[in-house]
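# Notes for the structure review
Residue-level listing of the chains:
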Amino acid sequence: LKNYPDYKYVWILKNPSKSEIPGNPLKIKKGSLEYYKAYSKAKVWVNNARLPLTLSKKENQKYIQTWHGTPLKRLANDMKVVRMPGTTTPQYKRNFHMETSRWDYLVSPNHYSSEIFESAFWMDEERVLEIGYPRNDLLVTHANHEEFISKIRENVNIPKGKKVLMYAPTWRDDEFIKKGQYLFELKINLENLYESIGDEYVILLRMHYLISNAIDLSGYENFAIDVSDYDDISELYLITDALITDYSSVMFDYGILKRPQFFFAYDIEKYDKDLRGFYLDYANDLPGPIFDDPFDLADSLKDIDLIKESYQDKIDEFYERFCSLEQGESSKYIGELINKEIKK
């Protein structure tokens with residue numbers, strides 16, 4: 001917007017009236033008639049997940065796919081069995097392939113991802129842009145921006161003097177209500193966490209967007225904050241002193257900050273063997289300790305500095321392997337690419 005103010009920007013949103021986007025772009029409701037018209041007219045599509053195959057891409061349109069994370073779990077063509085509702089394994093892969101064949105460019109955050117994307121998404125090397133994720137520029141440019149970070153803390157209502165943990169788990173393919181809606185049972189034991197670290201910390205709960213059930217935080221209002229609807233998770237990373245996750249790609253984005261991470265993998269056997277399978281060696285490649293018991297996790301969180309110190313080598317190795325391309329310039333690269341494509 002700053003570099004190319006003359007272009008017309010259109011955002012597709014579930015709730016256009018509730019979303020604030022800089023620059024006063026045209027905001028259109030997903031699935032509406034205007035939604036189809038917007039895709040029909042646009043010179044360039046930018047998206048971070050699959051689009052409906054009912055959207056017909058023309059020859060003179062370009063589709064830039066930014067995807068939504070460095071892959072830990074097996075994807076698309078690399079999945080042996082698909083256990084999601086409303087589809088079969090062959091049908092899922094066929095539809096996925098039809099989608100990826102429309103991508104003119106696919107953004108990759110690191111070489112590890114590029115190799116996986118070529119296999120999982122049937123991509124050729126020429127279409128993969130190994131430049132880091134545009135959404136992560138903020139983590140590089142604002143990591144030490146005190147005024148910006150202070151404003152986020154204020155927006156999220158973090159009490160002065162309190163440190164911040166964030167719990168951001170992924171979704172489970174088999175815990176569904178219906179297509180596109182998944183359940184999640186909080187296994188982290190808030191009561192024990194509150195007793196263990198409640199004096200020093202607050203915990204942010206960031207649930208995956210596919211999870212439909214609201215979390216009941218009654219009795220923990222001064223300790224636990226549901227931030228699932230907060231627009232930009234990158235801003236939440238900036239105010240978070242340590243992250244708790246499981247098999248989510250948030251670990252790779254958060255790794256840019258080189259802060260402590262804890263892995264609460266209570267269903268590791270089922271997830272690895274039965275549901276998806278991993279690309280990484282989960283037991284050895286992570287930048288922090290793995291727990292399957294919530295009480296052991298809470299004990300470990302009592303001394304985060306000690307964990308950071310003991311895992312510093314792993315944190316650095318993880319950064320070099322997955323995060324070192326992130327230099328705060330990815331959005332600029334994509335902006336220049338869009339400009340070039342439109343000028344063509």
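The paragraphs below set out a description of the structure included in this document. (Residues numbered from 1 in each chain as written. Predicted model: local features only at pLDDT ≥ 70, side-chain atom pairs only at ≥ 80, totals over all residues. Heavy atoms only, no water.)

## Considering the overall build of the protein
Of regular secondary structure, the protein possesses 14 helices and 14 strands. For 344 residues, the compact-globule estimate of 2.2 N^0.38 gives 20 Å, and the C-alpha radius of gyration of the protein, at 21 Å, lies within 12% of that figure. Of the side chains in the protein, 46 bear a positive and 56 a negative charge, and the two mean positions are spaced by 10 Å. (Helix = DSSP H or I, 4+ residues; strand = E, 2+ residues; numbered from the N terminus. Rg over C-alpha atoms; globule rule 2.2 N^0.38 Å. Lys, Arg positive; Asp, Glu negative; His and termini not counted. Charge placed at Lys NZ, Arg CZ, Asp CG, Glu CD.)

## A look at the sheet that holds strand S5 (residues 105-108)
If you walk across this open sheet you meet the 4 strands as S3-S4-S5-S6, and the pairing is parallel. Unpaired on one side and paired on the other, strand S3 (44-47) and strand S6 (128-130) mark the two borders of the sheet. Each strand axis lies, on average, 20° off the axis of its neighbour in the sheet, ignoring direction. Examined bridge by bridge, S5 and S6 share 3 bridges and lie parallel to one another. (Pairing = 2+ DSSP bridges. Axes fitted to C-alpha atoms, helices over the stretch in contact; angles between N-to-C directions.)

## Considering the sheet that holds strand S12 (residues 242-245)
Here we have 6 strands laid out as an open sheet, ordered S11-S10-S7-S12-S13-S14, and parallel in their pairing. Of all strands in the sheet, those with a lone pairing partner are strand S11 (224-226) and strand S14 (290-291), marking the two edges. As paired elements, strand S10 (residues 201-205) and S11 share 3 bridges and run parallel to each other. Bridge assignment links Ile203 to a residue of S11, and that residue is Ala224.

## Observations concerning helix H3 (residues 111-120)
Residues of H3 that are buried: Tyr112, Ser113, Ser114, Ile116, Phe117 and Ala120. Where H3 is buried, its residues contact S5, S6 and helix H13 (312-322). Of the residues trailing H3, Trp122 is marked for its positive phi of about 55°. (Buried < 20%, exposed > 50% of the residue type's maximum accessible area, 1.4 Å probe, protein only. Contact = heavy atoms within 4.5 Å.)

## Regarding the nonpolar core
Of all hydrophobic cores here, the largest spans 75 residues; its most connected members are Trp67, Phe121, Val156, Leu204 and Leu236. At 5 residues, helix H7 (residues 233-239) tops the list of elements feeding residues into this core. (Core = buried A, V, L, I, M, F, W, Y, C linked by side-chain atoms within 4.5 Å.)

## Some thoughts on the pattern of salt bridges
Side chains carrying opposite charge are able to pair once their charged atoms draw close together. This structure, assessed with the given rule, holds 12 salt bridges. The salt bridge involving Glu99 is made with Arg102; its shortest N-O contact spans 2.5 Å. Arg102 carries the same exposure label as Glu99, and that label is buried. Between Lys344 and Glu341 there is a salt bridge, and its shortest N-O distance comes to 3.7 Å. (Salt bridge = Lys/Arg side-chain N within 4 Å of Asp/Glu carboxyl O.)

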